[in-house]
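Each chain is listed here by its residues.
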Amino acid sequence: MLDNLIEFFARTHLVVLHFPIALLIVAAVIEFYRALSPKIRRDGTAGPYHPGPTGTTLFVFGFLACAYTVITGLVFGFDDGERVDLHRILGIATGVLVLLTAIALLMARKPTPGASGRAYLVLLTLTAIATGLTGHFGGDLTHGKGFITRPLAQAFGSATEATTQPAIVYTPQDFNISQNAFDTFNASILPILENACVECHGPDEAEDDIRLDTLAYVLDPAADMIKRDVPDHSELIYRIDLPAGDPDIMPPDDHADPLSTEQIELVRAWVHSLAAD
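In this report, we go over the structure that sits alongside the text. Remember, it's a predicted structure, so these values are computed and weren't measured experimentally.

Some points on the overall build of the chain
In terms of helices and strands, the chain carries 13 helices and 0 strands. The N-to-C order of helical and strand elements in the chain reads α-α-α-α-α-α-α-α-α-α-α-α-α. For the chain, with 277 residues in total, the buried portion stands at 35%. Long-range pairs, those at least 24 residues apart, make up 63% of the contacts in the chain between residues at least 6 apart in sequence.

A few points about a nonpolar patch on the surface
On the surface, a cluster of nonpolar side chains totalling about 580 Å² of accessible area is made up of Leu74, Ile92, Val96, Leu99, Leu100, Ile103 and Met107. Residue position: Val96 is located in helix H5 (residues 85–108).

A word on the state of the cysteines
This structure, assessed with the given rule, holds 0 disulfides. For Cys200, which is in no disulfide, the shortest distance to another cysteine sulfur is to Cys197 and amounts to 8.9 Å. Exposure remark for Cys200: the relative accessible area of 11% places this residue in the buried category.

Quick notes on the nonpolar core
By size, the foremost hydrophobic cluster in this structure holds 28 residues, and its most contacted members are Phe185, Leu193, Leu215, Ile226 and Trp270. Of all the secondary-structure elements, those providing two or more residues to this core are helix H10 (179–196), helix H11 (215–218), helix H12 (235–240) and helix H13 (261–276). In terms of residue count, H10 provides more of this core than any other element does, 8 residues in total. In terms of nonpolar packing, the next biggest core, distinct from the first, is built from 18 residues, Val98, Ala102, Leu105 and Tyr120 among them.

Some details on unusual backbone geometry
The amide bond that connects Met250 to the next residue, Pro251, takes the cis arrangement and shows omega of -5 degrees. Relative to the helices and strands, Pro251 is located in the loop between H12 and H13. With a phi close to 60 degrees, Asp224 is a non-glycine residue in the positive phi region. Relative to the helices and strands, Asp224 resides in the loop between H11 and H12. Taking relative accessible area as the criterion, Asp224 reaches 39% and is therefore assigned partly exposed.

Reading the values: rules and limits
Residues numbered from 1 in each chain as written. Predicted model: local features only at pLDDT ≥ 70, side-chain atom pairs only at ≥ 80, totals over all residues. Heavy atoms only, no water. Helix = DSSP H or I, 4+ residues; strand = E, 2+ residues; numbered from the N terminus. Buried < 20%, exposed > 50% of the residue type's maximum accessible area, 1.4 Å probe, protein only. Contact = heavy atoms within 4.5 Å. Patch = residues over 30% accessible without salt bridge, like charges linked within 9 Å, V, L, I, M, F, W, Y side chains within 5 Å. Areas by Shrake-Rupley, 256 points an atom, 1.4 Å probe, with all protein chains shown as cover. Salt bridge = Lys/Arg side-chain N within 4 Å of Asp/Glu carboxyl O. Disulfide = S-S within 2.5 Å. Core = buried A, V, L, I, M, F, W, Y, C linked by side-chain atoms within 4.5 Å.

Rendered as structure tokens:
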């Protein structure tokens, strides 16, 4: 039961993470405008900058949300290894920046903040930038690299140009597998993946930075979907063989029907055949 509660706590990361992004960025915008526009200050003078009540309130809530998000993120990505390293490092760095910004805020709220007011403004700006970058790379993890910027790339032609490059032609020798395993994948396994998996793990969207639309991606060591030395420990087999309703089953219940027993056994047999090659 404890493991389930910890998993639930970790998964709330995906819900709460939006709050610090919005709160800290808006707080930075408000405070930056306040520093540049003395007219909005209550006394109407151009005296030393002081953090305003609105920006401070937003930052405090953003600080609390950020702390929660960092903790749940570390728990959520604990076993994901190198795949989340950049996102994890940026998340921790953002947490440190938020803490330093909170200290600067306490100092800046003195009657004569002096340099501490400017330090708070600089740190708050850096925190907002770091939060945005961390969220961006987190989006790449869940939706695939370039998920946010892909429409811009398509609009300006770079994505179109990339798709016009000649396709790479692979042979069984490229993957150190038999001709039979190579042909079985193309004839039987790939159609299953295209029907059940490629919508979320393909060229247009690659959730968790995993693609299953070609043999090269399926056997990519970085994706760690296939363990040729211990086939039954392969992530691909584990995911498709989970009972219906399990939150980790692939494809998810709300995306497609689970694979049939025949399809699962076909995939399992193919993965086992790789161990013999």
